[in-house]
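# Coordinate inspection notes
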Amino acid sequence: MLELTSLHNPDGGLFGIEPDALARIGETIIGFPIQEYEIRFTHTLAEGFQGERADKCLPTLHFMDQRGMPKAITLFIKRHHHYEQNEAIHHRHLALAEAPVPRLYGYYSAPSQRDVTISEFLEPLLIDEPYDDFLLDRRTFGAFLEATALFTSIQVTPQYHAHLEQGYFEQRFRSYVRNLDQLNHVAWPPSPTMALPPVAIRTLTQLLHGLCDQAETMKKGIYHWDHRPCNAGWSRLQNALVIFDLEDTLLAPRFLDIAQWLGAPDTRETRYASQEHLAEGFLGIYNTRKGVKISVDEFLAEVAVLWKLFLYGRIRWYLHELGEQPTDRREDNDPEVYKQGICKRLHEALMTLLAEGTC
C-alpha cells in the first residue's frame, strides 16, 4: 500500500491526491507500467448510503493494457471530516492482520489532518432496517456472519493495540440506567395501560446492573462499532464479503459485534437456520483463527448478555424519538402515527427484557 506523505490540493476533485499517484496505484494493481491514462468520474454512491462523516469520490482510471486494449479501474477514495488520525490507521492495521476489509491501495494520515484512504471499489449490500429478509437470506446473511467471525478473530499486534480505545462500551452500557427514569413520563398511545409500574422499572434497573457486571468481566476483542449490512459489500478481487467504515474500531467484549445478530434466542428472532447451528459455524472460524476452544454454550451465554444490553440501547433511542426532536422521523410521516409506532416498539423491547430477565 502506498503511503502518501503530502497532498497537493486538498480542495481538488481527488482531495489533494496527485493523478500520478493514482496511476502508480493502478500499476501496482495490474502489474505493468501505464504509459497514458485518463481519470473520469462516472460512478456515484447510492442515494441514502452516502454516509455523513466523510467526503467520497469514485475516480475511474482509464488506460491501455499491454496489447493495446482499453482497460479501467475504479477506486474508492474517502476523506474523513475530522482532523485527526483514525480510519487510515485502522484500515492499515486491519489489512495487515488479514481482516475482511476492502483492499487498501494507499492512504494519507498526519496529525491534525483529515485521513484519506484509497481502496478497492465494492458492490455494497445497501441493506437497512428492517432486517427480516436479510436474516432469512442464507447467502448474504451467511457471508455476513463469516465476515464477522474473520473480523473479530484477528490477532491484534502490540502496534495496533496502542491505537485502540477500550472501556468505552462498558461505560456506555452503565449510562443507560439514566434513561430508565424517563419511562415514568412516557405518554403511551393509544392506551395508557402500556405504562410500566414502578416495580417493573426497578427490575429493569437491577437487570441492567447485573448485565453490566457480566460484560465487564468478558474477554476483550476487536469491535467494529457500527456493524450492519449497510457497512459491508462484495469484493470481486477477494471473492468475499468485506467490512468497511472502520474509523471507530476499538476494543470491547469479544463477541459484541456478533451479539447484535446471534444474541437473540430463536423464540425472539427468526433466521435462516437455528441460533445454535449458526453459532457452531461462527465458532468454527473464530476458534481456528484465534487458536481457542470456546464452546457453543459459552458463546451463547455471552452473546445473550450483550444482546440484552443492546436492547437497553434501543430503549434509549426510542425514548429519544419520543422527545421533541426525533432524529429518524421523515417530514412526510404523521407525528402521531410515528409516535405510536415508536411506543409499540419501546413496549415490545421492555416486555422482552422483563421476560428474559426472569428466565
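Everything here concerns the structure above.
Here's what I pulled together on the structure shown here. All figures in this text were calculated on a predicted structure; none of them were measured in a lab. (Residues numbered from 1 in each chain as written. Predicted model: local features only at pLDDT ≥ 70, side-chain atom pairs only at ≥ 80, totals over all residues. Heavy atoms only, no water.)

### Regarding the layout of surface pockets
Of the volumes computed, that of the second largest pocket is approximately 260 Å³. As for the second largest pocket, its lining consists of Ile-29, Ile-73, Thr-74, Leu-75, Tyr-105, Glu-120, Phe-121, Leu-122, Glu-123, Trp-234, Arg-236 and Leu-237. In terms of residues, the lining of the second largest pocket owes the most to one element, strand β5 (residues 70-80), which gives three residues. Counted by class, the lining of the second largest pocket contains eight nonpolar, one polar and three charged residues. (1 Å grid on protein atoms, 1.4 Å probe; cavity = no way out; pocket = protein on both sides within 12 Å on 5 of 7 lines; lining within 4 Å. Points joined across faces, edges and corners; volume = space filled by probe spheres on them. Helix = DSSP H or I, 4+ residues; strand = E, 2+ residues; numbered from the N terminus. Nonpolar A, V, L, I, M, F, W, Y, C, P; charged D, E, K, R; others polar.)

### Looking at the nonpolar core
Counting 69 residues, the largest nonpolar core has Leu-204, Phe-255, Phe-282, Phe-299, Leu-309, Tyr-312 and Leu-346 as its most contacted members. Among the elements that make up this core, the one with the highest residue count is helix α11 (residues 296-321) (14 residues). Counting 20 residues, the second-largest nonpolar core is a separate cluster that includes Leu-22, Ile-25, Ile-34 and Ala-110. (Core = buried A, V, L, I, M, F, W, Y, C linked by side-chain atoms within 4.5 Å. Buried < 20%, exposed > 50% of the residue type's maximum accessible area, 1.4 Å probe, protein only.)

### What about the side chain of Lys-308?
Examined against the element boundaries, Lys-308 turns out to sit in helix α11. One buried charged side chain, Lys-308, makes no salt bridge at all; its nearest oppositely charged neighbour is Glu-356, positioned 4.5 Å away. Excluding anything up to four places from it in sequence, Lys-308 contacts Leu-211, Leu-353 and Glu-356. (Lys, Arg positive; Asp, Glu negative; His and termini not counted. Salt bridge = Lys/Arg side-chain N within 4 Å of Asp/Glu carboxyl O. Contact = heavy atoms within 4.5 Å.)

### A word on the pairing of strand β6 (residues 104-108)
In terms of burial, β6 is largely enclosed, as five of its five residues are buried. The sheet contact formed by β6 and strand β7 (residues 116-120) spans four bridges and is antiparallel. Residue pairing across strands places Tyr-107 opposite Thr-117, the latter belonging to β7. (Pairing = 2+ DSSP bridges.)

### Quick look at the packing of aromatic side chains
If you walk through the whole model with that rule in mind, you get 21 aromatic pairs. Grouping aromatic residues by their ring pairs yields a cluster made of Tyr-168, Phe-169, Phe-173, Tyr-176, Tyr-223, Trp-225 and Phe-310. Taking NZ or CZ as reference, Arg-139 lies 4.2 Å from the ring centre of Trp-234, over its face. The ring of Trp-317 has Arg-314 sitting right over it, with the charged end atom 5.2 Å from the ring centre. (Phe/Tyr/Trp six-rings, centres within 6.5 Å; stacked < 30°, edge-to-face > 60°. Lys NZ or Arg CZ within 6 Å of the ring centre and 35° of its normal.)

### Remarks on the sheet that holds strand β10 (residues 232-235)
Judged by pairing direction, the sheet is antiparallel, and its three strands sit side by side in the order β8-β10-β11 without closing on themselves. At either end of the open sheet lies a strand with only one pairing partner, and these are β8 (123-124) and β11 (240-243). In this sheet, β10 lies alongside β8 in antiparallel orientation, the contact comprising two bridges. If you follow Glu-123 over to β10, its bridge partner there is Trp-234. Taken strand by strand, helix α4 (residues 138-152) contacts β10 and β11, and its axis lies near 55° from that of β11. (Axes fitted to C-alpha atoms, helices over the stretch in contact; angles between N-to-C directions.)

### Some details on the environment of Arg-316
In this fold, Arg-316 is placed in helix α11. A relative accessible area of 36% means that Arg-316 is categorised as partly exposed. Arg-316 sits 138 residues away from Arg-178 along the chain, and the two C-alpha atoms are 9.2 Å apart. The residues touching Arg-316, leaving out its near neighbours within four places in the chain, are Arg-172, Tyr-176 and Asn-179.

### Looking at helix α1 (residues 19-30)
Side chains that are three or four residues apart share a direction in an α-helix, a result of its 3.6 residues per turn. The terminal C-alpha atoms of α1 lie 17 Å apart, and with 12 residues this matches the ideal 16 Å at 1.5 Å per residue to within 8%. On its buried side, α1 packs onto β1 (2-4), β2 (37-40), β4 (60-64), β5, β6 and β7. The positive-phi residue at the C-terminal boundary of α1 is Gly-31, with phi of around 90°. (Expected span 1.5 Å × (residues − 1).)

### Concerning unusual backbone geometry
The residue after Glu-129, namely Pro-130, is reached through a cis peptide bond having omega -5°. Located in the positive-phi region is Ser-112, a residue other than glycine, with phi close to 60°. Topologically, Ser-112 is positioned in the loop between β6 and β7.

### What to know about the pattern of salt bridges
Taken as a whole and assessed by the stated rule, the structure comprises 20 salt bridges. Put simply, Glu-356 and Arg-268 hold a salt bridge, and the shortest N to O gap is 3.2 Å. Placement of Glu-356 in helix α12 (residues 335-357) and of Arg-268 in the loop between α9 (256-262) and α10 (275-290) is noted, with a sequence separation of 88 residues between them. A residue is classified by how much of its surface remains accessible, and Glu-356, at 14% relative accessible area, is buried. A relative accessible area of 39% places Arg-268 in the partly exposed class. What you see here is one network of salt bridges that share partners, running through Arg-53, Lys-78, Glu-87, Asp-245, Glu-247 and Asp-248.

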